[in-house]
Amino acid sequence: MNDRDIMENVLLTTKGVCDLYMHGAIESSTDKVHQTFNTALNESLAMQDSIYKQMQGHGWYPTEQADAQKISQIKNKFSASC
């Protein structure tokens with residue numbers, strides 16, 4: 001396993017943890033439990049962002065700028081269906 005594969009696995013695992021914490025916060029029955037899940041979620045989201053930025057810095061998670069015309073087309077498509 002190379003560094004990129006390891007980082008991809010860490011990113012996927014962190015995203016999964018965020019999902020679990022989010023559902024824990026949604027389903028929590030008390031304010032204290034909700035706050036605990038919410039705090040853990042925010043910390044995990046910050047960690048996910050850091051991992052993403054490191055991967056992007058290495059060129060392992062490239063992103064491209066969305067074309068303004070395509071954005072308008074999709075926006076119009078969904079606003080027309082409402």
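Student: Which parts of the structure should I look at to understand a nonpolar patch on the surface?
Tutor: On the surface, M1, I6 and V10 cluster together into a nonpolar patch covering about 300 Å² of accessible area. A relative accessible area of 34% places V10 in the partly exposed class.

Student: Where do I start with the packing of helix 1 (residues 3-27) against helix 2 (residues 31-57) in this structure?
Tutor: Remark: helix 1 packs on helix 2, axes separated minimally by 8 Å, with the N-to-C direction vectors making an angle of 160 degrees. In terms of orientation, helix 1 lies roughly antiparallel with respect to helix 2. Here helix 1 runs over helix 2; the crossing is left-handed.

Student: I'm lost on the environment of L11 in this one. Help?
Tutor: Within the secondary structure, L11 is located in helix 1. Each C-alpha atom of the pair L11 and D31 lies 29 Å from the other, and the pair is 20 residues apart in sequence. Residues in contact with L11, not counting those within four places in the same chain, are Q48, I51, Y52, M55 and Y61.

Student: In this structure, what is going on with the packing of aromatic side chains? I would like to understand it.
Tutor: Two descriptors summarise a pair of aromatic rings, namely the distance from one centre to the other and the angle between the planes of the rings. One pass over the full model with this rule turns up two aromatic pairs. With centroids separated by 6.3 Å and ring planes inclined at 55 degrees, the aromatic side chains of Y21 and F37 adopt a geometry described as tilted. On the criterion of sequence distance, the pair formed by Y21 in helix 1 and F37 in helix 2 is long-range, its members being 16 residues apart. Note on Y21: relative accessible area 28%, which makes it partly exposed. The class of F37 is partly exposed, set by a relative accessible area of 27%. Consider the rings of Y52 and Y61, whose centres lie 5.0 Å apart with planes at 80 degrees: the pair is edge-to-face.

Student: I would appreciate a short explanation of helix 1 in the present structure.
Tutor: Each turn of an α-helix holds 3.6 residues, which means side chains three or four residues apart point in the same direction. Between its terminal C-alpha atoms helix 1 stretches 36 Å, which fits the 36 Å expected from 25 residues at 1.5 Å a residue. Of the positions making up helix 1, those classed as buried are M7, L11, T14, C18, G24 and A25. The N-cap residue of helix 1 is N2: its side-chain oxygen and the backbone nitrogen of R4 are 3.2 Å apart.

So, how was this worked out
- Residues numbered from 1 in each chain as written.
- Predicted model: local features only at pLDDT ≥ 70, side-chain atom pairs only at ≥ 80, totals over all residues.
- Heavy atoms only, no water.
- Patch = residues over 30% accessible without salt bridge, like charges linked within 9 Å, V, L, I, M, F, W, Y side chains within 5 Å.
- Areas by Shrake-Rupley, 256 points an atom, 1.4 Å probe, with all protein chains shown as cover.
- Salt bridge = Lys/Arg side-chain N within 4 Å of Asp/Glu carboxyl O.
- Buried < 20%, exposed > 50% of the residue type's maximum accessible area, 1.4 Å probe, protein only.
- Axes fitted to C-alpha atoms, helices over the stretch in contact; angles between N-to-C directions.
- Helix = DSSP H or I, 4+ residues; strand = E, 2+ residues; numbered from the N terminus.
- Parallel < 35°, antiparallel > 145°, perpendicular 65-115°, else oblique.
- Left-handed = near helix turned anticlockwise from the far one by under 90°.
- Contact = heavy atoms within 4.5 Å.
- Phe/Tyr/Trp six-rings, centres within 6.5 Å; stacked < 30°, edge-to-face > 60°.
- Expected span 1.5 Å × (residues − 1).
- Polar contact = N/O pair within 3.5 Å; in protein donor to acceptor, adjacent residues only side chain to side chain.

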